[in-house]
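Now for the letters of each chain:
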Amino acid sequence: MMKRIGMLTSGGDCQALNAAMRGVVKSLSSNLNELEVYGFYEGYKGLIYGNYRLLTAKDFSGILTMGGTILGTSRQPFKLMRTPDENGLDKVEAMKHTYHKLRLDCLVILGGNGTQKTANLLREEGLNIIHLPKTIDNDIWGTDVTFGFQSAINIATEAIDCIHTTAASHNRVFIVEVMGHKVGWLTLYAGVAAGADIILLPEIPYDIEKVVKAIQKRSQAGKGFTILAVAEGAISKEDAKLSKKEYKEKLKKRKYPSVSYEIAARIQERTGSEVRVTVPGHTQRGGSPCPYDRVLCTRLGAAAGKLILKEDYGYMVGMINGETKKVPLEEVAGKLKMVEPDSKMVQEAKLIGISFGD
Ligand code: F6P
């Protein structure tokens, strides 16, 4: 049997994108007489503008441990997919045209939430799609875990670990800002793993007075330092009451580079303690995938290959209770998996004394 597949990585990159593509290609090439893989550059952009390359087995060799993506990526907002580009080009029609011109059997799309919505749109337009859930944010519905998440936890945890030793020497308050604008999975896991004292997440709006109290409680107990793990999207209780639009406007006028600096200023005002902010930023998406992600991606890739061999399309391949599973794209596209404020994990973190500022 012969298959002709297209592949693209879209949205913010993360570790293990290459490992996942390798998994797909290896599973297919081991089971087919002939395989053609077209790699589209920079995500949907490559599919829209016909910017691609025929890849060979060599391209997938030695990339299991390599971070980033051999195809490059870009953000192409889903909400603009139906808006013609600056030259009046209909992007959806252009993508369909490229797909049909190359006579693809299917398109393997690696990406997060936005990517998934466009993948589902292409499915509705009649293309054969398989989606693989990548993101350090772990916010994709229908899979217990996304790839990139565990690797990013390792990096964010290490950042907080390093802060621990210097914080203890200096008797200061330290804030480590962890990635995640909409969801706090990464901050929650890295915060717990590194023993942060206070964890602030977008899903659990904080009260600055409660944060200050938690710091004071530690000082009274003779602990000279406090470490906060703060998600990029942490939000105060007052701000959580604003409409999305009002909050966006407020953020535009914010005089601090990010939420952590604002929280630092508030803590400093109220406690007089020295506060330092560390932002590991995009290091959290960089470097080599951790072993967990390599295994996850090899399994997701192989399971995707199996679906392609069976010509069973229109799914995301997720990991549920330790098993790879096909999940209909239409059921998951557009849904965000968030931290439940009352989840067992949050309750248990509270039980050991971690404050969420609520
Ligand atoms: O979605 C992944 C992510 O790394 C988020 O955690 C972060 O908020 C965002 O992307 C950063 O986006 P960009 O790479 O466009 O700065």
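I will try to describe carefully the structure that is included in this document. As the structure is a prediction and not an experimental result, all values here were calculated from the model.

## A word on the pairing of strand 8 (residues 226-231)
Right, on to step 1. Taken across its six residues, strand 8 has six buried, putting it largely inside the fold.
Right, on to step 2. The side-chain alternation of strand 8 yields two buried faces, one formed by Thr226, Leu228 and Val230 and the other by Ile227, Ala229 and Ala231.
Right, on to step 3. Of the crossover connections in this fold, the one passing from strand 7 (residues 198-200) over helix 7 (residues 208-220) to the parallel strand 8 is right-handed.

## Quick notes on the packing of aromatic side chains
Right, on to step 1. Per the counting criterion, the structure on display carries three aromatic pairs.
Right, on to step 2. A ring pair is formed by tyrosine 38 and tyrosine 52, whose centres lie 5.9 Å apart and whose planes are at 75°; its orientation type is edge-to-face. Here tyrosine 38 is found in strand 2 (residues 34-40), whereas its partner tyrosine 52 is found in strand 3 (residues 52-55), with 14 residues between them in sequence.
Right, on to step 3. Residue tyrosine 52 is classed as partly exposed on the basis of its relative accessible area of 26%.
Right, on to step 4. A connected cluster of aromatic rings, assembled from ring pairs, spans Tyr38, Phe40 and Tyr52.
Right, on to step 5. Of note, arginine 218 hangs over the ring of phenylalanine 225, and the distance from its end group to the ring centre comes to 5.2 Å.
Right, on to step 6. Between the NZ or CZ atom of lysine 337 and the centre of the ring of tryptophan 185, over which it lies, the distance is 5.7 Å.

## Quick notes on the sheet that holds strand 3
Right, on to step 1. Reading across the sheet, the seven strands line up as 3-2-1-4-5-10-11 and stay open at both edges, with mixed pairing between neighbours. Unpaired on one side and paired on the other, strand 3 and strand 11 (323-328) mark the two borders of the sheet. Adjacent strand axes in the sheet meet at a mean angle of 25° when their direction is disregarded.
Right, on to step 2. Pairing of strand 1 (residues 2-9) with strand 2 involves six bridges; the strand directions are parallel. What sits directly across from lysine 3, in strand 2, is leucine 35.
Right, on to step 3. The strands touched by helix 4 (residues 113-124) within the sheet are strand 4 (106-111), strand 5 (129-133) and strand 10 (315-320), with strand 4 carrying the most contacts at an inclination of about 165°.
Right, on to step 4. Taken strand by strand, helix 11 (residues 291-310) contacts strand 1, strand 4, strand 5, strand 10 and strand 11, and its axis lies near 140° from that of strand 10.

## Examining the side chain of glutamate 262
Right, on to step 1. Mapped onto the elements of the fold, glutamate 262 is located in helix 10 (residues 259-271).
Right, on to step 2. Take glutamate 262: its relative accessible area is 17%, and that puts it in the buried class.
Right, on to step 3. Glutamate 262 has contacts with Arg254 and Tyr256, leaving out every residue within four places of it along the chain.

## Describing a positive patch on the surface
Right, on to step 1. Taken together, the side chains of Lys79, Lys117, Lys182, Lys244 and Lys248 make up a positively charged region of the molecular surface.
Right, on to step 2. Checked against the element boundaries, lysine 182 lands in the loop between strand 6 (173-178) and helix 6 (185-193).
Right, on to step 3. By relative accessible area, which is 57% here, lysine 182 ends up exposed.

## Here we look at helix 5 (residues 149-170)
Right, on to step 1. An ideal rise of 1.5 Å per residue puts 32 Å on 22 residues; helix 5 measures up with 31 Å between its terminal C-alpha atoms.
Right, on to step 2. Along helix 5, the positions that sit buried rather than exposed are Phe149, Ser151, Ala152, Ile153, Ala156, Thr157, Ala159, Ile160, Ile163 and Ala167.
Right, on to step 3. At its buried positions, helix 5 is contacted by strand 6, helix 6, strand 8, strand 9 (275-278) and helix 11.
Right, on to step 4. Positive backbone phi, at 55°, marks asparagine 171, one or two positions downstream of helix 5.

## Observations regarding the nonpolar core
Right, on to step 1. The biggest cluster of nonpolar side chains holds 65 residues, and the ones touching the most others in it are Met7, Leu132 and Phe147.
Right, on to step 2. Mapping this core onto the domain boundaries places at least three of its residues in each of domain 1 (2-148 + 289-332) and domain 2 (150-285).
Right, on to step 3. The residues touching methionine 7, leaving out its near neighbours within four places in the chain, are Met21, Val24, Val25, Val37, Tyr38, Gly39, Phe40, Phe60, Leu71, Leu107, Val108 and Leu110.
Right, on to step 4. Leu8, Met95, Leu104 and Leu122 belong to the second-largest nonpolar core, a separate cluster that totals 21 residues.

## Quick look at the site of the ligand
Right, on to step 1. Near the ligand the following residues occur: Arg75, Ile136, Asp137, Met179, Gly180, His181, Glu232, His282 and Arg285.
Right, on to step 2. Within the side chain of arginine 75, a nitrogen or oxygen atom sits 3.0 Å from an oxygen atom of the ligand.
Right, on to step 3. In the environment of the ligand, an oxygen atom lies 2.6 Å from a nitrogen or oxygen atom belonging to the side chain of glutamate 232.
Right, on to step 4. Starting from 400 Å² of accessible surface for the ligand in isolation, the protein chains cover 73%.
Right, on to step 5. Grouping the constituent residues of the shell around the ligand by class yields two nonpolar, three polar and four charged.

## A short note on the pattern of salt bridges
Right, on to step 1. Taken as a whole and judged by the stated rule, the model has 21 salt bridges.
Right, on to step 2. Measuring nitrogen to oxygen at the nearest pair gives 2.7 Å for the salt bridge that ties lysine 3 to glutamate 311. Note that lysine 3 is positioned in strand 1 and glutamate 311 in the loop between helix 11 and strand 10, a separation of 308 residues in sequence.
Right, on to step 3. Residue glutamate 311 is classed as partly exposed on the basis of its relative accessible area of 48%.
Right, on to step 4. Residue glutamate 274 pairs with arginine 276 through a salt bridge whose shortest N-O separation is 2.9 Å.
Right, on to step 5. Of the residues examined, arginine 276 reaches a relative accessible area of 33% and is grouped as partly exposed.
Right, on to step 6. Sharing partners across several salt bridges, the network here consists of Glu209, Arg254, Glu262, Arg266, Glu269 and Arg270.

What counts, and at which threshold
- Residues numbered from 1 in each chain as written.
- Predicted model: local features only at pLDDT ≥ 70, side-chain atom pairs only at ≥ 80, totals over all residues.
- Heavy atoms only, no water.
- Buried < 20%, exposed > 50% of the residue type's maximum accessible area, 1.4 Å probe, protein only.
- Helix = DSSP H or I, 4+ residues; strand = E, 2+ residues; numbered from the N terminus.
- Right-handed = clockwise from strand over helix to strand, strands pointing away.
- Phe/Tyr/Trp six-rings, centres within 6.5 Å; stacked < 30°, edge-to-face > 60°.
- Lys NZ or Arg CZ within 6 Å of the ring centre and 35° of its normal.
- Pairing = 2+ DSSP bridges.
- Axes fitted to C-alpha atoms, helices over the stretch in contact; angles between N-to-C directions.
- Contact = heavy atoms within 4.5 Å.
- Patch = residues over 30% accessible without salt bridge, like charges linked within 9 Å, V, L, I, M, F, W, Y side chains within 5 Å.
- Areas by Shrake-Rupley, 256 points an atom, 1.4 Å probe, with all protein chains shown as cover.
- Salt bridge = Lys/Arg side-chain N within 4 Å of Asp/Glu carboxyl O.
- Lys, Arg positive; Asp, Glu negative; His and termini not counted.
- Charge placed at Lys NZ, Arg CZ, Asp CG, Glu CD.
- Expected span 1.5 Å × (residues − 1).
- Core = buried A, V, L, I, M, F, W, Y, C linked by side-chain atoms within 4.5 Å.
- Domains from an automatic or database assignment.
- Near = heavy atom within 4 Å.
- Polar contact = N/O pair within 3.5 Å; in protein donor to acceptor, adjacent residues only side chain to side chain.
- Nonpolar A, V, L, I, M, F, W, Y, C, P; charged D, E, K, R; others polar.

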